[in-house]
Amino acid sequence: MIQIGNTLVSFDVIEKFFCCDLEACKGACCIEGDAGAPLSEEEDAALKEMMADIEPHLTPKAVDVIKEEGASYLDREGERVTQLVEGGCCVYTCIEKDGLCLCALEKARRAGSGNLFKPISCSLYPVRVKEYDGFTAVNYDRWKICRPAETLGRKEGIRVYEFLKEPLIRRFGEKWYAELELTAREWLRQKGELKEEAK
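The sections below set out a description of the structure shown in this document. None of the values given here were measured: they were computed from a predicted structure.

Definitions and cut-offs
Residues numbered from 1 in each chain as written. Predicted model: local features only at pLDDT ≥ 70, side-chain atom pairs only at ≥ 80, totals over all residues. Heavy atoms only, no water. Helix = DSSP H or I, 4+ residues; strand = E, 2+ residues; numbered from the N terminus. Lys, Arg positive; Asp, Glu negative; His and termini not counted. Charge placed at Lys NZ, Arg CZ, Asp CG, Glu CD. Buried < 20%, exposed > 50% of the residue type's maximum accessible area, 1.4 Å probe, protein only. Arc of directions from axis to C-beta. Contact = heavy atoms within 4.5 Å. Pairing = 2+ DSSP bridges. Axes fitted to C-alpha atoms, helices over the stretch in contact; angles between N-to-C directions. Salt bridge = Lys/Arg side-chain N within 4 Å of Asp/Glu carboxyl O.

It is worth spelling out the overall build of the chain at this point. Within the chain one finds eleven helices and eight strands. Averaged over its 29 positive side-chain charges, the chain has a centre that lies 5 Å from the centre of its 37 negative ones.

Another aspect to go through is helix 5 (residues 60–69). Taken together, the buried positions of helix 5 are A62, V63, V65 and I66. Looking down the long axis of helix 5, one finds its buried residues gathered within 160° of arc, a one-sided arrangement. For helix 5, exposure combined with an orientation more than 90 degrees from the buried face picks out P60, K67 and E68. The inward-facing, buried residues of helix 5 abut helix 4 (51–54). One or two positions beyond helix 5, positive phi appears at G70, with a value near 100°.

Spatial ordering of the open sheet is given by 1-2-8-7, a layout of four strands whose pairing is mixed. Either end of the sheet is taken by a strand with one partner, and the two such strands are strand 1 (2–4) and strand 7 (127–132). Within this sheet the neighbouring strands show an average axis-to-axis angle of 25°, counted without direction. Along the sheet, helix 11 (residues 174–190) contacts strand 1 and strand 2 (7–9); its crossing angle with strand 1, the most-contacted strand, is approximately 150°.

According to the stated counting rule, one finds eight salt bridges in the structure shown. For D44, the salt bridge goes to K48, with nearest N and O atoms at 3.1 Å. Of the two residues, D44 and K48 are both situated in helix 3 (residues 41–49); the distance of four residues between them amounts to about one turn of the helix.

So this is what it looks like as structure tokens:
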């Protein structure tokens, strides 16, 4: 682990290769798993406040679930997460004709009918952020559905932290990311892996 401020960052975030390959996975992370996407209190409140703007981009089943069970729920660990449709896909998932899964929040924002980004936990995936007493853990979560992303990342020479630059900055700030980037380059140089980053 590498410490940056009050965060502990897994070496995997620096060392592993990753680049989403939506053509291969079709956004399976929106429909796989045993719980919804983690939400901050602020995100949960914003979802409820802007539901009228989001609703036109949701499936009829998703609208029914939200009306009957709410926009989010507490999972087994007591964490606030997005609601699911019949225990499967996230209620904010839009499935296109070609089977590609998109986020209704992003669709609404791009259509000018909302200003919400998808949850930061989604934007950061495959990185998972966990708050502990006194520090924040930043870990790389490997999942079989993301193997195409690992393959593409290796082919393109893109590391996890590079692929997630924008959401990492949105979550932790530019100064934090600049320190992560500097630390990562030094770490990879020491391991003799810096050449793999050359484009």
